[in-house]
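# Chain and residue survey
Read off the chains here:
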Amino acid sequence: MTIHMPRMLVEDHDDPTMGTRACMVSFYPEFDTQSIQNPCIHFLIDCSNSMLDSIKSAKSLLNLFIKNLPKTCSFNIISFGTEYNELYPYAVKNTLQNLKKANEYIENLKANQGNTDLLNTIQPYLILYKNEKTIGEMNNLILISDGHFSREKELFYSLRESNNLNNEMFTSSFRIFT
């Protein structure tokens, strides 16, 4: 098996009379890309009430991302629920001082921010990177969420309408099955 080969894991419920199963698809895509000299990465972490069972894992993943940032990148962390909060008013350089502040911010995140309004959170970033001054720059959005979004139709419409070469969104989804 190669690293780029998709895999699916299937788990059946412990009680066979339940007749339920969970599936997870895992893949590592292979892209022909050009290296970006000074990437800008915005981490979007879902802190809505639905993340209560997943927030610890989400915070661990975000810490892993932050720990492994390229030295030449700039970054910001945006936590969201019904409203959103930014660690910094704009993306900052990857310095020890900024990383320390990011770690403290992540440590204090809680899943108590109401609904999951991703649309309200990402619209400013989609608009910003349509601006002429940012042409040629890449806006990397990394979403960490359980995937329970409010205003889903409007969200996907907005993403589709802003479809341009300056926005890339990557996702990591957490769902806890009980």
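Residues numbered from 1 in each chain as written. Predicted model: local features only at pLDDT ≥ 70, side-chain atom pairs only at ≥ 80, totals over all residues. Heavy atoms only, no water.

### A word on the overall build of the chain
Secondary structure summary: the chain contains 4 helices and 8 strands in total. Listing every helix and strand of the chain by position from the N terminus yields β-β-β-α-β-β-β-α-α-β-α-β. For the chain, the residues scored as buried account for 37% of the 178 residues in total. Restricting the contact set of the chain to residue pairs at least 6 apart, pairs at least 24 apart contribute 72%. Accessible surface, the chain as shown: approximately 12000 Å² in total, 54% of it carbon and sulfur. (Helix = DSSP H or I, 4+ residues; strand = E, 2+ residues; numbered from the N terminus. Buried < 20%, exposed > 50% of the residue type's maximum accessible area, 1.4 Å probe, protein only. Contact = heavy atoms within 4.5 Å. Areas by Shrake-Rupley, 256 points an atom, 1.4 Å probe, with all protein chains shown as cover.)

### Considering the pairing of strand 3 (residues 40–46)
With respect to burial, strand 3 is a largely interior element, 7 of its 7 residues being buried. Neither face of strand 3 is exposed, since Cys40, His42, Leu44 and Asp46 on one face and Ile41, Phe43 and Ile45 on the opposite face are all buried. Where strand 3 and strand 4 (residues 74–80) come together, 7 bridges link them in parallel fashion. Note on strand 4: the bridge partner recorded for isoleucine 45 is serine 79. With respect to chirality, the unit in which strand 3 leads through helix 1 (residues 55–67) into the neighbouring parallel strand 4 is right-handed. For strand 3 and strand 7 (residues 139–145), the ladder comprises 6 bridges, and the chain directions are parallel. Its bridge partner lying in strand 7, isoleucine 45 is registered against isoleucine 144. (Pairing = 2+ DSSP bridges. Right-handed = clockwise from strand over helix to strand, strands pointing away.)

### Topic: the nonpolar core
By size, the foremost hydrophobic cluster in this structure holds 25 residues, and its most contacted members are Phe43, Ile45, Leu62, Ile66, Leu69, Phe75 and Ile77. Of all the secondary-structure elements, those providing two or more residues to this core are strand 3, helix 1, strand 4, helix 2 (96–107) and strand 7. The element best represented in this core is helix 1, accounting for 5 residues. Look past the residues within four positions of leucine 69 in its chain and what remains in contact with it is Ile41, Phe43, Phe75, Asn94 and Leu99. (Core = buried A, V, L, I, M, F, W, Y, C linked by side-chain atoms within 4.5 Å.)

### As for the packing of aromatic side chains
Applying the stated rule across the entire model yields 2 aromatic pairs. On the basis of an interplanar angle of 85° and a centroid distance of 6.4 Å, the ring pair of phenylalanine 75 and tyrosine 88 is categorised as edge-to-face. Of this pair, phenylalanine 75 sits in strand 4 while tyrosine 88 sits in the loop between strand 5 (84–86) and strand 6 (92–93), and the two are 13 residues apart along the sequence. For the pair formed by phenylalanine 75 and tyrosine 88, the shared burial category is buried. (Phe/Tyr/Trp six-rings, centres within 6.5 Å; stacked < 30°, edge-to-face > 60°.)

### Concerning helix 2
Between its terminal C-alpha atoms helix 2 stretches 16 Å, which fits the 16 Å expected from 12 residues at 1.5 Å a residue. When we look at burial in helix 2, the residues that qualify are Asn98, Leu99, Ala102, Tyr105 and Ile106. Buried residues of helix 2, seen end-on, are gathered within an arc of 120° and therefore sit on one face of the element. Exposed residues lying more than 90 degrees from the buried face of helix 2 are Leu96, Gln97, Lys100 and Glu107. As for helix 2, its buried residues are in contact with helix 1, strand 4, strand 5 and strand 6. (Expected span 1.5 Å × (residues − 1). Arc of directions from axis to C-beta.)

### A closer look at helix 1
With 13 residues, helix 1 extends 18 Å from end C-alpha to end C-alpha; this agrees with the ideal 18 Å at 1.5 Å per step. Here helix 1 has its buried residues at Ile55, Ala58, Lys59, Leu61, Leu62 and Ile66. One face of helix 1 carries all of its buried residues, which in axial projection span an arc of 160°. Within helix 1, the exposed residues directed more than 90 degrees away from the buried face are Lys56 and Lys67.

### A closer look at a nonpolar patch on the surface
Taken together, Met8, Val10, Val25 and Phe27 make up a surface patch of nonpolar side chains, about 410 Å² in accessible area. Here valine 10 shows up in strand 1 (residues 7–12). (Patch = residues over 30% accessible without salt bridge, like charges linked within 9 Å, V, L, I, M, F, W, Y side chains within 5 Å. Salt bridge = Lys/Arg side-chain N within 4 Å of Asp/Glu carboxyl O.)

Interpretation in functional terms is not warranted from these geometric data alone.
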